[in-house]
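# Commentary on secondary and tertiary structure
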Amino acid sequence: MSTTPDASAEKAIRAVTAGTLHRSTYCRSGSPSGFALSFRAVAIALQAARFLGPVAIAWAALATVGKRRIAMDHVARQLVALLERLGPAFIKGGQILSTRRDMLPGTVCACLSGLQDSVAPMSEQQAREALTAIYGSALDTIFAEIDDQPIASGSIACVYKGRLKDGPEVAIKLQRSFIGNVMTTDLVLITKIGAILARLPWFRGLPICAVLNHLCDAIYAQLDFAREATHLVRLRDALSLVPRVWVPKLYKEASRDRALVMEFIPELDTTQAERCSLATRKRFAAGTLRAVYRMLFVDGLVHCDLHPGNLYFKPGGQVVVLDAGFSVLLTEEMRQLFAEFFLEMALGRGGRCADIVIESAVGRRVDADLDSFRLRLADLVNRNSGLPAQEFSLIAFAAEMFDLQRKFGLHAAPELVFPLLSLLTIEGTVRCLDPDVDFQEAAKPFLTQGIFQDRPVNLEFTETSSR
């Protein structure tokens, strides 16, 4: 930039590059007032009564005549409708909980996975007010122009195309005004509700509080643009080693605590792959898997939100990865365990897979049957490790594994949810691009590097890793 940032800008830059929020900040500082919590709790209770009252009646009627499955389907659908009405914190929480088949029935998880985050974009006036509040008088010295209409919109932020004073086109991710207050109030209420549920007989023995605290931390972290900036830089550095993967550059000097300024990547089209040749589509699939496996098994930085709005393909075969807002940094222990589990699964060593799951579990029911769990999980791994690529499904494997955990009394570590969520999010996309892609075989070089970090990995391997 041609201008020199003032003291407040320099402070903002340091915040953006450092990552300043800590776990459960929403419970320790800036917490909502008792009145705000009470008012929101009453609103949630009224909404719940409106939606779930008729559900209870329908459940009782259907269960009485032996139609429990139909009753459960009805409950799950109404739960989704309720969460969508309650707002972004509940929607995002439901999306994460959709992976917890070790704690929730499969029908409920399937419905939760379909939750949609649909919120109208900010008006021109709201966007201008937000920009002015964030940048103040520096707005016109940093940006030459900013479009009035967003190019993308979500519950937490909208994205606008702009141009810096010194020339380059940029994408500006602008946080919605007051969304922090709204989500903080909801997340505090979720943790309080969890504490109450944990005391009920039906939930006794389940790690309700641990799961909800972890979930709320992950949701709240999406408000922390300083953290997201740090993850975006790390993601770009890591994936720069992967051929044909493009992560936008962050413009640190122009970014602030509620606005991220990134390289603008033109001509992004969610339908691009449909118009490409089969060979190019296979390159897209290979590039996507390379990027995800590198993140999961080598770097431990998990992008949990690679839906079509954050994953694009360019005609030249490049894979574009956007938005590090919903990303999680795994502990070194969990990264190693997850990599080892995936490797043992690919090699058909079911017994060791079972031991890893037991070792990483955060709790067990008093009636937990570990021997039966070992036998059944070993059978699951053995059945899947020899399958042709077209017949292996990550979604089906994870669903059955979690069903076994629930049946035999094991509770998965909350942290394990995020790498699974990342894989489950991209499986459908990759399958559409290349039905013959072999997920297990493609992972092996990255698993080797992840477990034995001093070894290089051949990043070109996936071009020929289809059966």
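Residues numbered from 1 in each chain as written. Predicted model: local features only at pLDDT ≥ 70, side-chain atom pairs only at ≥ 80, totals over all residues. Heavy atoms only, no water.

Attention shifts here to the overall build of the protein. For the protein, the count of helices and strands is 18 helices and 12 strands. Scored against the burial criterion, the 467 residues of the protein give a buried share of 51%. If you take every contact in the protein between residues at least 6 apart in sequence, the share linking residues at least 24 apart comes to 71%. In the form shown here, the protein has an accessible surface area of approximately 20900 Å², with 56% of it arising from carbon and sulfur atoms. (Helix = DSSP H or I, 4+ residues; strand = E, 2+ residues; numbered from the N terminus. Buried < 20%, exposed > 50% of the residue type's maximum accessible area, 1.4 Å probe, protein only. Contact = heavy atoms within 4.5 Å. Areas by Shrake-Rupley, 256 points an atom, 1.4 Å probe, with all protein chains shown as cover.)

Below, the discussion takes up the sheet that holds strand S9 (residues 319–321). Hydrogen bonds between backbone atoms are what pair the strands of a sheet, whose relative direction is either parallel or antiparallel. The sheet built from three strands is open, its strands ordered S5-S9-S8 with mixed pairing. Strands with a single pairing partner mark the edges of an open sheet, and in this sheet they are strand S5 (245–246) and strand S8 (311–313). Summarising the sheet, S8 and S9 pair through three bridges and their orientation is antiparallel. The residue of S9 that forms the bridge with Tyr312 is Val320. (Pairing = 2+ DSSP bridges.)

Relative orientation of the contacting elements helix H14 (residues 350–360) and helix H15 (residues 370–385) amounts to 130°, with a least axis distance of 8 Å. As far as their axial angle goes, H15 and H14 are oblique. When the axes of H14 and H15 are compared, the crossing they make is right-handed. Contacts between H14 and H15 involve Gly350, Gly351, Cys353, Ala354, Asp355, Val357 and Ile358 from the first element and Leu370, Phe373, Arg374, Leu377, Ala378, Val381 and Asn382 from the second. Taken together, the residues that form the contact of H14 with H15 break down as nine nonpolar, three polar and two charged. (Axes fitted to C-alpha atoms, helices over the stretch in contact; angles between N-to-C directions. Parallel < 35°, antiparallel > 145°, perpendicular 65-115°, else oblique. Left-handed = near helix turned anticlockwise from the far one by under 90°. Nonpolar A, V, L, I, M, F, W, Y, C, P; charged D, E, K, R; others polar.)

Below, the discussion takes up the pattern of salt bridges. Taken as a whole, this structure holds 22 salt bridges when the rule is applied. Across the pair Arg383 and Glu400 runs a salt bridge whose closest N-O atoms are separated by 2.6 Å. Of this pair, Arg383 sits in helix H15 while Glu400 sits in helix H16 (residues 394–408); the two residues are 17 residues apart in sequence, bridging distant segments of the chain. (Salt bridge = Lys/Arg side-chain N within 4 Å of Asp/Glu carboxyl O.)

To continue, consider empty space enclosed by the protein. The full count for this structure, using the stated rule, is three cavities of 30 Å³ or more. Counting residues per element, the ones that place at least two in the lining of the largest cavity are helix H13 (332–346), H14, H16 and helix H17 (417–433). Broken down by element, the residue count for the lining of the largest cavity peaks at six residues, all from H13. (1 Å grid on protein atoms, 1.4 Å probe; cavity = no way out; pocket = protein on both sides within 12 Å on 5 of 7 lines; lining within 4 Å. Points joined across faces, edges and corners; volume = space filled by probe spheres on them.)

As a further point, take the environment of Gly94. Note that Gly94 resides in helix H5 (residues 88–97). Between the alpha carbons of Gly94 and Val108 there is a distance of 9.9 Å; along the sequence they are 14 residues apart.

Time to look at helix H9 (residues 179–197). Side chains that are three or four residues apart share a direction in an α-helix, a result of its 3.6 residues per turn. For H9, spanning 19 residues, the distance from its first C-alpha to its last is 27 Å, which sits close to the expected 27 Å at 1.5 Å a residue. Among the residues of H9, those classed as buried are Ile179, Gly180, Met183, Thr184, Thr185, Asp186, Leu187, Val188, Leu189, Ile190, Thr191 and Gly194. (Expected span 1.5 Å × (residues − 1).)

Looking now at helix H10 (residues 208–220). End to end, H10 covers 18 Å across 13 residues, agreeing with the expected 18 Å (1.5 Å per residue, within 8%). For H10, the buried fraction is high: 10 of the 13 residues fall into the buried class. Among all positions in H10, only Ile208, Val211, Leu212, His214, Leu215, Cys216, Asp217, Ala218, Ile219 and Tyr220 are buried.

Attention shifts here to the side chain of Arg294. Note on placement: Arg294 falls in helix H12 (residues 278–299). For Arg294, the side chain forms a polar contact with the side chain of Asp299, separated by 2.7 Å. (Polar contact = N/O pair within 3.5 Å; in protein donor to acceptor, adjacent residues only side chain to side chain.)

The predicted model of the protein has a mean per-residue pLDDT of 81, with 83% of residues at 70 or higher. This model gives residues 1–29 a pLDDT under 50, and the stretch forms 46 contacts once residues within four places in sequence are excluded. The low-confidence segment residues 454–467 (pLDDT under 50) makes 38 contacts with residues lying over four places distant or belonging to another chain. (pLDDT = per-residue confidence, 0-100.)

This part takes up the environment of Thr331. For Thr331, the position within the fold is in the loop between strand S10 (327–329) and H13. The spatial distance from the C-alpha of Thr331 to the C-alpha of Leu301 is 9.4 Å, given a sequence separation of 30 residues.

In terms of residue burial, strand S4 (residues 169–175) counts as a mostly covered element, since six of its seven residues are buried. In terms of strand pairing, strand S3 (residues 157–164) meets S4 through seven bridges, oriented antiparallel. By the bridge assignment, Arg163 is partnered in S4 with Glu169. In this sheet, strand S6 (residues 259–263) lies alongside S4 in antiparallel orientation, the contact comprising five bridges. Residue pairing in the sheet places Lys173 in a bridge with Leu260 of S6.

As enumerated under the stated definition, the model contains 11 aromatic pairs in all. One aromatic cluster is present, formed by Tyr293, Phe297, Phe338, Phe342 and Phe446 through successive ring pairs. (Phe/Tyr/Trp six-rings, centres within 6.5 Å; stacked < 30°, edge-to-face > 60°.)

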